[in-house]
Amino acid sequence: GVAHEIRNPLAAISGSIELLAPSVAPDPDSRELLAILTREAERLDRLIADLLDFARPRQPTVAPLEVATTLREILRVVENDRRLNPNANRFQLHFDEELWVDADPGQLRQVVLNLLLNAAEATPGGEPIELHALSDGDSALIEVHDRGPGIPPEVRARLFEPFFTTKKTGTGLGLATVHRIMEEHRGTVEVDQPAGGGTIFRLRLPRRDPAPPAV
Ligand code: ADP
Ligand code: MG
């Protein structure tokens, strides 16, 4: 509730800045102040959006999902997100079997999007980001593998802490949200440093028997 109460006046402020912009004096100082207003309003809006995602007390509404199909759909939705710096070969999806889980599709999308955003922010050069769907005993695994610089131990120890960020404009709520949603799905999230470099975030969910074929 509080977050929404902050959002409304914030929208009014952002709108007013936009309307005011053309009539602000063209000197560099005024322009810079205007840029600061815009940037900080955007930052507040992002923080509130992330806070809402993190704090939303919502039980997942689960449905049987086929993992690779779901990942393909998620990619189709998020592929146009400018923050992901999309290019022709950016997202590579690998899977070799049908894999079913019980998950809330909207929340799973949120989880994957947060991991893709981090992967994209770790690779500003637009290097490929691989998604793997695979089974491991009773678990279904979804891996997001980037070719970024990796994660130093002191950062790794605090990854899932709310508000922990090493980014200038980060909110530190992405992985905390991932962690919470995975817990609510009786799953886990772990991080791995592959020998070839980069970072792998691995989601683990209980596997379910395939859904009966539709009639
Ligand atoms: P934010 O992205 O707002 O900083 P997150 O909770 O998503 O917050 O991530 C927390 C921190 O974890 C990041 O600031 C970064 O230092 C580190 N991190 C997360 N994902 C990666 C990654 N793929 N490669 C390198 N560092 C990462
Ligand atoms: Mg993030």
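The sections below set out a description of the structure shown in this document. Position numbers for residues start from 1 in each chain and track the written sequence from start to end. Lettering for chains starts from A, numbering for ligands starts from 1, and both go in the order in which the items are written. Local features are withheld for residues below a pLDDT of 70 in this predicted model, meaning they are given only at 70 or higher, and side-chain atom pairs are given and counted only at 80 or more; totals for whole chains, interfaces and linings count all residues. By convention in this description, side-chain values take in all heavy atoms of the structure and omit both hydrogens and water.

Regarding the pairing of strand β7 (residues 199-206)
Short version of the rule: For the exposure calls, accessible area comes from a 1.4 Å probe over protein chains only, and a residue counts as buried if that area is under 20% of its type's maximum, exposed if over 50%, partly exposed in between. Helix and strand assignments come from DSSP, with helices taken as H or I runs of at least 4 residues and strands as E runs of at least 2, each series counted from the N terminus. Following DSSP output, two strands are said to pair if at least two bridges run between them.
Buried residues dominate β7, accounting for 6 of its 8 residues. Two elements, strand β5 (residues 139-146) and β7, share 8 bridges in a ladder whose sense is antiparallel. When the bridges of β7 are listed, Glu143 appears paired with Arg202. Bridge count between strand β6 (residues 188-192) and β7: 5 bridges; the pairing is antiparallel. Within the sheet, the bridge partner assigned to Thr188 lies in β7 and is Arg204. Counting the residues between successive antiparallel strands, the hairpin from β6 to β7 contains 6 residues, one of them, Gly197, with a positive phi of roughly 100°.

Quick notes on the site of ligand 1
The line we're drawing: Each residue is tested against the molecule or strand, and it is near if at least one of its non-hydrogen atoms lies within 4 Å. Any pair of nitrogen or oxygen atoms within 3.5 Å is treated as a polar contact; in protein, a donor-acceptor pairing is required on top of that, and neighbouring residues in sequence qualify only through side-chain atoms on both sides. Each residue is assigned to one class: nonpolar for Ala, Val, Leu, Ile, Met, Phe, Trp, Tyr, Cys and Pro, charged for Asp, Glu, Lys and Arg, and polar for all the others, Gly among them.
Taken together, 20 residues lie around ligand 1, and Asp146, Thr165, Thr166, Lys167 and Leu175 are the ones closest in. Thr166 places a polar side-chain atom, nitrogen or oxygen, 2.5 Å from an oxygen atom of ligand 1. Within the side chain of Lys167, an N or O atom sits 2.7 Å from an oxygen atom of ligand 1. At the level of secondary structure, the elements contributing two or more residues to the shell around ligand 1 comprise α4 (105-122), α6 (174-184) and β7. In terms of residue count, the dominant contributor to the shell around ligand 1 is α4 (3 residues). Partitioning the shell around ligand 1 into residue classes produces 8 nonpolar, 9 polar and 3 charged.

Some details on the sheet that holds strand β4 (residues 129-136)
Put simply, the rule is: Axes, fitted as lines to C-alpha atoms, cover a helix only where it is in contact. Angles between the N-to-C directions of the axes lie from 0 to 180 degrees. We call two residues contacting when some pair of their heavy atoms lies within 4.5 Å.
Read from one edge of the open sheet, 5 strands run β2-β4-β5-β7-β6, paired in mixed fashion. Strands with a single pairing partner mark the edges of an open sheet, and in this sheet they are β2 (91-95) and β6. Strand-to-strand, the axes of this sheet are offset by a mean angle of 20°, without reference to chain direction. With respect to the sheet, helix α3 (residues 67-78) is in contact with β2, β4 and β5, its orientation differing from that of β2 by roughly 170°.

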